[in-house]
Amino acid sequence: MERTRIFLCGRKGGPVSSRRVKEVLGRYLPNCLVEEGEGWPPDRQGPGLLLFRSGFCRPVEPALLPGWVALLPAGCAEGLRALQGTGIPTVTCGASSRDTLSISSWDFPQGAVSVLRGVTTLAGEPVEPGEIPVKMAAPLEPEGMLALCGALILCGVPPEEGYLL
């Protein structure tokens, strides 16, 4: 089984911690590798998921990351600038109708995420628009819920049964 790589781009902190990412993704993807750094991953071999956080420090060198997909929260302007012209497929999450993923309901301990337009997983499988029910094991900000659901979707975890975060 090939290892799923997730790289948390940006400074520690923000709406979702690396511990929570490892905990949730490990539940669904036991062979997943979660790494973190302020810029691009040092080992640029894909496929993998770039999960942007606040405080992304744009590296001087351009991104040459074949096989990677970016998950970008609303308001991460520096991440958006860094991705421009790279050709890296980008999935956005936020409250705008222009975002790919959005919150349709959020009230601890449950909520729902809307996939507003089709996306393709890291393995090349299509995910159609729809609602994903979410149960939260611990309180989570809406931005964290979107980031975790987006990571699960892009890593190929089927959304039909919903997710436990």
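Above this text is the structure in question.
Residues numbered from 1 in each chain as written. Predicted model: local features only at pLDDT ≥ 70, side-chain atom pairs only at ≥ 80, totals over all residues. Heavy atoms only, no water.

A. Summary view of the nonpolar core. In terms of nonpolar packing, the biggest core is built from 37 residues, with Ile6, Leu25, Leu101 and Leu165 touching the most fellow members. With 9 residues, the single largest contributor to this core is helix α3 (residues 142-154). Those residues in contact with Leu25 that lie beyond four places of it in its chain are Ile6, Pro30, Cys32, Leu148, Ala151 and Leu152. (Core = buried A, V, L, I, M, F, W, Y, C linked by side-chain atoms within 4.5 Å. Buried < 20%, exposed > 50% of the residue type's maximum accessible area, 1.4 Å probe, protein only. Helix = DSSP H or I, 4+ residues; strand = E, 2+ residues; numbered from the N terminus. Contact = heavy atoms within 4.5 Å.)

B. Quick peek at α3. An ideal rise of 1.5 Å per residue puts 18 Å on 13 residues; α3 measures up with 18 Å between its terminal C-alpha atoms. The buried fraction of α3 is high, at 12 of 13 residues. Buried residues of α3: Pro142, Gly144, Met145, Leu146, Ala147, Leu148, Cys149, Gly150, Ala151, Leu152, Ile153 and Leu154, and no others. Gly156 sits one or two positions beyond α3 and adopts a positive phi of about 90 degrees. (Expected span 1.5 Å × (residues − 1).)

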